[in-house]
Amino acid sequence: MLRSRRLFVLFVATTLAPAIGLGWLGWRLVEQDRALEKQRAQERRDHAADLGAAALERALAEIDEMLATVPDSGRQGVSLVVFGPQGVLRHTGAALAFYPATSAAGEPSPSVFAAVEALEFQSPGPTGAIRALNELAQAKDPAVRGGALVRLARNYRKSGDIPRALGAFRELGTLADTRVNGLPAGLLALQGSALLFEALNKQEDLRSQASLLDADLRNGRWLLTRASYGFAKEQTRRWLGRAAADPDERDRLALAAAAEAAWKEWQAAIRPEPHTRGRRTVWAEDRSVLVLSRSSPDRLVVALVGPPFLQSLAELRSLRAAQHVDFALTDAEGRPVLGRPEGPVSRQSVRTASATRLPWTLHAISTTNGEGSGRSRLLLAAIALMAVLVLGGGYLVNRAISREITVARLQADFVAAVSHEFRTPLTTMRQLSELLVHDRVSTEDRRRQFYQVLLQESDRLHRLVDGLLNFGRMEAGEIQYRFEPLDPSILLREVVAEFRQEASKTGYAIELQESSGLPPVRADRESLARVFWNLLDNAVKYSPDCHTVWVELAGVGKGIRVHVRDRGLGIPAGEQKEIFRKFVRGAASRAAAIQGTGVGLAMARQIVEAHGGEISVESKPGEGSVFTVLLPCAEHTV
Ligand code: ADP
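Per-chain numbering applies: the sequence of each chain, read as written, is numbered from 1 onward. With pLDDT at 70 or above as the cut-off, local features in this predicted model cover only qualifying residues; side-chain atom pairs require 80 or more to be listed or tallied, and sums for whole chains, interfaces and linings still use all residues. Hydrogens and water molecules were not included; the side-chain quantities draw on all heavy atoms of the structure.

Novice: Help me understand the overall build of the protein, please; the structure alone is not making it clear to me.
Specialist: A helix here means a DSSP run of H or I that spans at least four residues, while a strand means a run of E at least two residues long, and both kinds are numbered starting from the N terminus. Across its full length, the protein holds 18 helices and 18 strands. Two residues qualify as a contact provided that any one of their heavy atoms is within 4.5 Å of a heavy atom in the partner residue. Excluding contacts between residues fewer than 6 apart, the proportion of contacts in the protein whose partners are at least 24 apart in sequence is 65%. For the protein, the exposed area adds up to about 34400 Å²; of that, 54% sits on carbon and sulfur atoms. Only four residue types enter the tally: Lys and Arg on the positive side, Asp and Glu on the negative side; His and the chain ends are excluded. Note that the charge is assigned to NZ on lysines, CZ on arginines, CG on aspartates and CD on glutamates. Between the mean site of the 81 positive side-chain charges and the mean site of the 73 negative ones, the protein shows a separation of 4 Å. Using a 1.4 Å probe, accessible areas were evaluated by the Shrake-Rupley method; residue-level cover was limited to the displayed protein chains.

Novice: Please clarify how the site of the ligand should be interpreted in this entry.
Specialist: If even one non-hydrogen atom of a residue comes within 4 Å of a molecule or strand, that residue is called near it. Around the ligand sit 20 residues, and of these Asn538, Tyr542, Arg585, Thr597 and Leu601 come closest. Throughout this description, a polar contact denotes any pair of N or O atoms lying within 3.5 Å of each other; where both atoms belong to protein, one of them has to be capable of donating a hydrogen while the other can accept it, and for residues adjacent in sequence the pair is counted only when both atoms sit in side chains. The contact in question runs from an oxygen atom of the ligand to an N or O atom on the side chain of Asn538, over 2.8 Å. Side-chain polar atom of Tyr542 to an oxygen atom of the ligand: 2.7 Å apart, as the coordinates give it. Within the complex, the protein chains bury 96% of what would otherwise be the 520 Å² of accessible surface of the ligand.

Novice: Explanation requested: the side chain of Ser543 in the structure shown.
Specialist: Counting through the fold element by element, Ser543 comes out in the loop between helix H16 (525–541) and strand S15 (548–556). Throughout, exposure labels follow a simple rule: accessible area from a 1.4 Å probe, protein chains only, divided by the maximum for the residue type, with under 20% read as buried, over 50% as exposed, and the rest as partly exposed. With relative accessibility at 0%, the residue Ser543 sits in the buried group. When near neighbours in sequence (up to four residues on either side) are disregarded, Ser543 contacts Tyr508, Asp566, Arg567 and Gly568.

Novice: In this structure, what is going on with the packing of helix H6 (residues 185–200) against helix H8 (residues 226–240)? I would like to understand it.
Specialist: Packed helices, taken two at a time, are described by the angle their axes make and the gap between the axes. Every axis in this analysis is a line fitted to C-alpha atoms, fitted for helices over the stretch in contact. Angles between the N-to-C directions lie between 0 and 180 degrees. One way to put it is that H6 packs onto H8 with a least axis distance of 12 Å and a crossing angle of 35 degrees. Both H6 and H8 take part in a crossing whose hand is left-handed. The residues of H8 that touch H6, namely those facing Leu187, Gln191, Ala194, Leu195 and Glu198, are Phe231, Ala232, Gln235, Arg238 and Trp239. Nonpolar residues are Ala, Val, Leu, Ile, Met, Phe, Trp, Tyr, Cys and Pro. Charged residues are Asp, Glu, Lys and Arg, and all others, Gly as well, are polar. Residues that form the contact of H6 with H8 fall into these classes: 6 nonpolar, 2 polar and 2 charged. Handedness of a crossing is defined here by the sense of rotation of the near helix relative to the far one, left-handed for an anticlockwise turn of less than a right angle and right-handed for a clockwise turn.

Novice: It is not clear to me how the pattern of salt bridges should be interpreted in this structure. Could you clarify?
Specialist: Once the charged atoms of two side chains with opposite charge are near each other, the side chains can pair. Think of a salt bridge as a Lys or Arg side-chain nitrogen and an Asp or Glu carboxyl oxygen that are within 4 Å of each other. All told, the structure shown has 37 salt bridges when counted by the stated rule. A salt bridge links Glu37 to Arg40; the nearest nitrogen and oxygen atoms lie 3.8 Å apart. In this pair, Glu37 and Arg40 both sit in helix H1 (residues 2–69), 3 residues apart, roughly one turn of the helix. For Glu37, a relative accessible area of 13% translates into the label buried. Relative accessible area serves as the criterion here: at 35%, Arg40 is assigned to the partly exposed category. The salt bridge involving Lys582 is made with Glu475; its shortest N-O contact spans 2.6 Å. Taken together, the residues span a long stretch of sequence, with Lys582 in the loop between strand S16 (559–566) and helix H17 (587–591) and Glu475 in helix H14 (residues 444–475) at a distance of 107 residues. Judged by relative accessible area, which is 34%, Lys582 ranks as partly exposed. Residue Glu475 is classed as partly exposed on the basis of its relative accessible area of 38%. Taken together, the shared-partner salt bridges in this structure form one network comprising Asp214, Arg218, Lys233, Glu234, Arg237 and Glu249.

Novice: Would you explain a nonpolar patch on the surface in this entry?
Specialist: A patch is a set of surface residues, each over 30% in relative accessible area and not in a salt bridge, joined within 9 Å for like charges and within 5 Å for the nonpolar side chains Val, Leu, Ile, Met, Phe, Trp and Tyr. Among the surface-exposed residues, Trp24, Leu25, Trp27 and Leu29 lie close enough to one another that they form a single nonpolar patch of about 460 Å² accessible area. You can see Trp24 is positioned in helix H1. For Trp24, a relative accessible area of 52% puts it in the exposed group.

Novice: For this particular structure, what's the right way to read the sheet that holds strand S8 (residues 325–330)?
Specialist: Backbone hydrogen bonds are what pair the strands of a sheet, in a parallel or an antiparallel way. DSSP bridges decide pairing: two strands pair if at least two such bridges lie between them. Across the sheet, which stays open at both edges, the 4 strands sit in the order S9-S8-S11-S10 with antiparallel pairing between neighbours. Bordering the open sheet on either side are strand S9 (336–338) and strand S10 (348–351), each of which pairs with just one other strand. Strand-to-strand twist in this sheet, taken as the mean axis angle between neighbours without regard to direction, amounts to 30 degrees. Here 4 bridges tie S10 to strand S11 (residues 361–366), and the two strands are oriented antiparallel to one another. The residue of S11 that forms the bridge with Arg351 is Leu362. Lying over the sheet, helix H11 (residues 314–323) contacts S8 and S9, oriented at roughly 135 degrees with respect to S8.

Novice: Looking at this model, I keep getting lost on the sheet that holds strand S5 (residues 276–284). Mind explaining?
Specialist: The 5 strands are arranged S2-S1-S7-S6-S5 in an open sheet whose pairing can be described as antiparallel. The outermost strands of the open sheet, each flanked by one partner alone, are strand S2 (87–93) and S5. Each neighbouring strand pair of the sheet contributes to a mean axis angle of 20 degrees, computed without reference to strand direction. Two elements, strand S1 (residues 78–84) and strand S7 (residues 299–305), share 6 bridges in a ladder whose sense is antiparallel. The residue of S7 that forms the bridge with Val78 is Val305. Running at roughly 35 degrees to strand S6 (residues 287–296), helix H9 (residues 247–268) makes contact with S1, S2, S5, S6 and S7 of the sheet.

Novice: Just to check I follow, could you spell out the nonpolar core for this structure?
Specialist: Note that soluble globular proteins tend to have their nonpolar side chains buried in a common cluster. Remark: nonpolar core denotes a set of buried residues (Ala, Val, Leu, Ile, Met, Phe, Trp, Tyr, Cys) joined through side-chain atoms within 4.5 Å. Among the nonpolar cores identified, the biggest contains 67 residues, and Val81, Phe83, Leu96, Leu172, Val302 and Leu304 are the most heavily contacted of them. A total of 10 residues in this core trace back to one element, the largest contributor, which is H9. Not counting residues up to four positions away in its chain, the partners in contact with Val81 are Val88, Arg90, His91, Leu96, Tyr99, Leu300, Val301, Val302 and Leu304. Leu491, Ile510, Val584 and Ile607 belong to the second-largest nonpolar core, a separate cluster that totals 49 residues.

Shown next as structure tokens:
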């Protein structure tokens, strides 16, 4: 008990304590690693925020530059519009849904068509008007041609000549941007032919015209006012059955609304300064549009920067990927302009508008979660592995030590048992020898009896020493078996006969039962005889009450079987395997102070196994035991 407690203390000291220490160390390391990772993420974010702000500032400076030069091709997602006092003069870059004012310049004066209109509305048939209009449709000025073609189509339609009406619209379409009645000729041609198809209920043709019109509106093909854009959009919606505006359209509507606001402001302003620059944010359609402007009394240039531009800004994109951050922009009121500044503040680096001189506040948000970094996990795994190794190693060492302790204890028991075995016959022999030497034995009969006892005791000692020497040789692996074919009946009969002589002196009977005609076994006579002797000796030794032992020899399968049965103490199930190990003695035999050294069955097992056989026991405490030896017959032994 004391020893196992010491062992436990040793185990705790050598294994548990280092494992706990290791765990603590690991935890500290992981904590430090996390703090380091957080700090790194913070540095990355700060760096990204600075770079992002610089990239935005650069992009805006470039756009500012464009206001002065108005290049033909601008930056992606930026619209440039040049206004004159009459309306839009030029526009480049991303198309707006509509424009605040379209200039009516270039339209022919209404007097050009006064004569034909008088013909159309005053004469009974359209023939006269059609002839006159056909002439006008040959004019050099595309604007005059456009006006003539619109009217021609109307007259053809009135006279029921649909193919010609459609032809007029087709021709009108080729005039594209030429403005007729304030609208582009191309748009009028599409609308006109679609209306014709609608009236004729030609659904397929109507849809194809409406789709062309819709595509043009989406691409910002035409320079339209808010009203004409809205009207055309409504028409396509009716013809195509489309739902509300999509995100792209809303982007373009927002740009248009911002341009309109800038235009109105410019219109309303008294313009004292020759050149004014402006930068402001306009909210429309739930979107924020940055309007950069450069104005003079006769010219307004605006650059409109909407969400698509910010989303597609290449510098921000590459920073996102390289620094593991996401960017968000908010306006002065905290409304999200680009992305959303979501997540805890501890994972954001903020650059305010006042610090950067940008029109927005920039948020750089870490996208990686520093706490779950791969390195931390690896460290944890390594520490867990080490802890498992330490604990596993400790357990194995502990087990090996406790086994050694058990063996040492068994050996000490063995030495005590051997000494005891020796002492009993030696004491008897000493006492008898003393009596004989001092001539204190009265009769001759008694003297002979004493000599007999002396012989018996010396025989017992001889056998004991012989057995121990054999065990020693066996342990050292020095036993040499001399195998020969043996008749198992003869061998067993001889052993039983010899043992009977011994046993009969203490009143024990051995009953032998054997089958006839058993095959020979290949065995070492002396060793096998020792096995049976040991089994018989144990059966007698551990049967204090029943003085009969039964031995049975029979053939089984390809070999023979020997049962040695007694009705003695029996062996509990928990000990039945253990007793075949060296030095192990049963608890009952020790309690009953039955002498023994604990090596007999270990030797028996080694010998039987060397013969290719098996030894086993079946037993119940208080009822007795049956030891069984199985041996293969000679012809089946290799
Ligand atoms: P020993 O008899 O010298 O103690 P053995 O190796 O022959 O050593 O036997 C080991 C143990 O097995 C014994 O101590 C005893 O507890 C148990 N044992 C062996 N044979 C019998 C038996 N026939 N009946 C009850 N117990 C037995």
